[in-house]
Amino acid sequence: MTRSDGFESESERVTRLLRDEILDGVRRPGSRLVERDLAADLGVSRVPVRDALKTLVAEGLVTSRPRTWAVVREFTASDVADLDEVRAAFEPLAFRLAAQRRTRAGLQRLREVLDVELAAARSQDAVRARRAAADFHDVVTSLAANELLGELTRTMHSRMRWLLAQHDDLIGVAEQHAGLYQAIAARDVALVEELVTEHLTANRSAAGTRQHEAGDAEQASGG
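For clarity, every value in this text was computed on a predicted model and none was experimentally measured.

Caption draft 1: Local environment of the environment of A174. In this fold, A174 is placed in helix α9 (residues 170–185). The exposure class of A174 is buried, given its relative accessible area of 0%. For the pair A174 and A119, spaced 55 residues apart in sequence, the C-alpha to C-alpha distance is 9.2 Å. Once residues lying within four places of it in the same chain are set aside, the contact partners of A174 are L114, E117, L118 and A121.

Written out as structure tokens, the structure reads:
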């Protein structure tokens, strides 16, 4: 991670760039990550690339293949189901606590992220909308003000951001977040819990559809 003073090492920069490309879908699941080629593309030595790949393996976004190259992780239907189960356990707690503990400053941050997501969704900027959607969840977790919850979610942060990007209904997700924002602002815990359940159900269906379509495309291409 970038240090609090804003300094970013070469390894951190390479890690961030590769992570963003994976989460944004620029580097597709199963694509090769060859140290030599990445170093040439990014204009760096192989050392920061090697460090970045180790970090991304630990984050669950890259699969290491000893004595060959690494590849962008291909999340299976079972992987997605596991992530959905964990998300269903943690997310209702985070949103409920956020509604109870949100501050004026925190609510302003959430509004700013929501505005970015809504604008990006309306302009069909998928990458920006999905990034902002994941940021919305990050801010909610911070508003929950539970250090243990934050610590637990940080261990699976990249995989959860990947999961949150598995939707094409940009407007629908943004509008769901707008409803959740209003409920959090009103400290309406009962409504928050109801909306989170609906949000989880809709997102679970979207992720499943995307995985199914990806599998069909791979079979059609002979992969």
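Caption draft 2: Structural detail: the pattern of salt bridges. One pass over the full model with this rule turns up 17 salt bridges. Between R131 and D20 there is a salt bridge, and its shortest N-O distance comes to 3.8 Å. On the criterion of sequence distance, the pair formed by R131 in helix α6 (residues 126–144) and D20 in helix α1 (residues 10–23) is long-range, its members being 111 residues apart. For D20, a relative accessible area of 25% corresponds to the partly exposed category. Between R96 and E193 there is a salt bridge, with its nearest N and O atoms 3.6 Å apart. With R96 in helix α4 (residues 77–101) and E193 in helix α10 (residues 189–220), this pair connects stretches of sequence that are 97 residues apart. Through salt bridges with shared partners, a single ionic network connects D20, D24 and R131.

Caption draft 3: Region of interest: the layout of surface pockets. Considered as a void within the structure, the second largest pocket measures approximately 480 Å³ in volume. Within the lining of the second largest pocket, the residues separate by chemical class into 10 nonpolar, 7 polar and 6 charged.

Caption draft 4: A look at the side chain of H177. In this fold, H177 is placed in helix α9. Here the side chain of H177 touches E117 through a polar contact of 2.8 Å, side chain to side chain. Side chain to side chain, H177 and H199 meet in a polar contact 3.2 Å long. Those residues in contact with H177, other than ones at most four positions away along the chain, are L114, E117, A133, F136, H137 and H199.

Caption draft 5: Spotlight on the packing of aromatic side chains. Under the criterion given, the structure shown has 2 aromatic pairs. Judged by centre distance (4.0 Å) and plane angle (20 degrees), the rings of F75 and W162 are stacked. Of the two residues, F75 is situated in the loop between β3 (70–72) and α4 and W162 in helix α8 (residues 157–164); the sequence distance between them amounts to 87 residues. Judged by its relative accessible area of 10%, F75 falls in the buried class. When the centroid spacing of 6.4 Å and the interplanar angle of 35 degrees are considered together, the rings of F95 and F136 count as tilted. Of this pair, F95 sits in helix α4 while F136 is found in helix α6, placing the two residues 41 residues apart along the sequence. Among the residues examined, F95 registers a relative accessible area of 1% and is labelled buried.

Caption draft 6: Molecular detail of the nonpolar core. Counting 29 residues, the largest nonpolar core has F95, L110, F136, V140, I184 and V192 as the members making the most contacts within it. Contributing elements (two or more residues each) for this core: α4, α5 (104–122), α6, α9 and α10. With 7 residues, α5 is the largest single contributor of residues to this core. If we ignore the near neighbours within four places in the chain, the residues touching V192 are F95, R96, A99, L180, A183 and I184. If you look at the next biggest cluster of nonpolar residues, it comprises 23 residues, including V14, A52, V72 and W162.

Caption draft 7: Region of interest: the environment of P48. One can find P48 in helix α3 (residues 46–59). A sequence separation of 13 residues divides P48 from E35, and the C-alpha atoms of the two residues are 9.4 Å apart. Setting aside residues up to four positions removed in sequence, P48 forms contacts with E10, S11 and V14.

Caption draft 8: Just the packing of α6 against α9, in detail. For the pair α6 and α9, the least separation of the axes is 11 Å and the interaxial angle reads 25 degrees. Relative to α9, the element α6 lies roughly parallel. Relative to α9, the crossing made by α6 is left-handed. Across from A126, A129, R130, A133, F136, H137 and V140 in α6, the residues of α9 making contact are L170, V173, H177, L180, Y181 and I184. Partitioned by chemical class, the residues of the contact of α6 with α9 number 10 nonpolar, 2 polar and 1 charged.

What counts, and where the lines are drawn
- Residues numbered from 1 in each chain as written.
- Predicted model: local features only at pLDDT ≥ 70, side-chain atom pairs only at ≥ 80, totals over all residues.
- Heavy atoms only, no water.
- Helix = DSSP H or I, 4+ residues; strand = E, 2+ residues; numbered from the N terminus.
- Buried < 20%, exposed > 50% of the residue type's maximum accessible area, 1.4 Å probe, protein only.
- Contact = heavy atoms within 4.5 Å.
- Salt bridge = Lys/Arg side-chain N within 4 Å of Asp/Glu carboxyl O.
- 1 Å grid on protein atoms, 1.4 Å probe; cavity = no way out; pocket = protein on both sides within 12 Å on 5 of 7 lines; lining within 4 Å.
- Points joined across faces, edges and corners; volume = space filled by probe spheres on them.
- Nonpolar A, V, L, I, M, F, W, Y, C, P; charged D, E, K, R; others polar.
- Polar contact = N/O pair within 3.5 Å; in protein donor to acceptor, adjacent residues only side chain to side chain.
- Phe/Tyr/Trp six-rings, centres within 6.5 Å; stacked < 30°, edge-to-face > 60°.
- Core = buried A, V, L, I, M, F, W, Y, C linked by side-chain atoms within 4.5 Å.
- Axes fitted to C-alpha atoms, helices over the stretch in contact; angles between N-to-C directions.
- Parallel < 35°, antiparallel > 145°, perpendicular 65-115°, else oblique.
- Left-handed = near helix turned anticlockwise from the far one by under 90°.

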